[in-house]
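# Descriptive structure summary
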Amino acid sequence: MKKSEQQWIDKLVEFGCVVCRKYYDANTPPCIHHIREGLGKGQRNSWDNCLPLCHEHHQGNDGFHSGKQTWIEKYGTEYELLNWIKEKL
């Protein structure tokens, strides 16, 4: 990982879960979710295309990996959230 990529990830971690921040005005510790929209199975996007998501919004009952389409309908696409967080940072 390049230094600039690590700096970006550090900013995302400091920002907290993008869903909690945008929809619930909360700052929750995140893990990093690689956006896979538009990629083939097993491919990983660059470090620039990641979202900070807490466990619940990443892999929990209300998580992206628990129901992608429902999650998108509720919170928006991964790239919409990425653009939102970039505006905030």
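That block above? That's the structure.
These lines cover the structure that appears in this document, whether it is placed above or below. Starting from 1, residues in each chain are numbered consecutively following that chain's sequence as written. Only residues with pLDDT of at least 70 are given local features in this predicted model, and only at 80 or more are side-chain atom pairs given and counted; all residues enter the totals for whole chains, interfaces and linings. Computation of side-chain values: all heavy atoms of the structure, hydrogens and water removed.

## A closer look at the side chain of His57
Cut-off, in case you're wondering: Helix and strand assignments follow DSSP, with helices taken as H or I runs no shorter than four residues and strands as E runs no shorter than two, numbered in order from the N terminus. For this analysis, residues touch if any pair of their heavy atoms sits within 4.5 Å.
Mapped onto the secondary structure, His57 falls in helix H3 (residues 55-58). Leaving out residues up to four positions away in the same chain, His57 has contacts with Cys17, Val19, Cys20, Tyr24, Asp62, Gly63, Phe64, Trp71 and Tyr75.

## Considerations on helix H1 (residues 3-15)
Operational definition: Multiplying 1.5 Å by the residue count of a helix minus one yields the expected span of that helix.
Under the 1.5 Å per step criterion, the end-to-end length of H1 is 18 Å for 13 residues, consistent within 8% with the ideal 18 Å. Where H1 is buried, its residues meet helix H2 (18-24), strand S1 (31-34), strand S2 (50-53) and helix H5 (78-88). Gly16, located one to two residues past H1, shows a positive phi value of around 95°.

## Structural notes on the nonpolar core
Applicable threshold: In plain words, nonpolar cores are sets of buried Ala, Val, Leu, Ile, Met, Phe, Trp, Tyr and Cys residues tied together by side-chain atoms within 4.5 Å. When accessible area is computed with a 1.4 Å probe and restricted to protein chains, residues below 20% of their type maximum are described as buried, those above 50% as exposed, and intermediate ones as partly exposed.
Val18, Val19, Leu51, Leu53, Trp71, Leu81 and Ile85 are the most contacted members of the largest nonpolar core, which has 21 residues in total. Broken down by secondary-structure element, the contributors of at least two residues to this core are H1, H2, S2, helix H4 (68-75) and H5. Leaving out residues up to four positions away in the same chain, Val19 has contacts with Tyr24, Leu53, His57, Trp71, Tyr75 and Leu81.

## Concerning the environment of Met1
When you line up the elements, Met1 lands in the segment before H1. The class of Met1 is exposed, set by a relative accessible area of 52%. With 45 residues separating them in the primary sequence, Met1 and Ser46 have C-alpha atoms 9.8 Å apart.

## Topic: H5
The condition that has to hold: Here, the arc refers to the directions that run from the helix axis to the C-beta atoms.
Within H5, the full set of buried residues consists of Glu78, Leu81, Leu82, Trp84 and Ile85. End-on, the buried residues of H5 take up no more than an arc of 160°, which puts them together on one face. Looking at the buried positions of H5, the neighbouring elements they touch are H1, H2, S1, S2 and H4.

## Digging into the environment of Phe64
Positionally, Phe64 belongs in the loop between H3 and H4. A relative accessible area of 7% places Phe64 in the buried class. Residues Phe64 and His33, 31 residues apart in the sequence, show an inter-C-alpha distance of 9.3 Å. The residues touching Phe64, leaving out its near neighbours within four places in the chain, are His33, His57, His58, Trp71 and Glu78.

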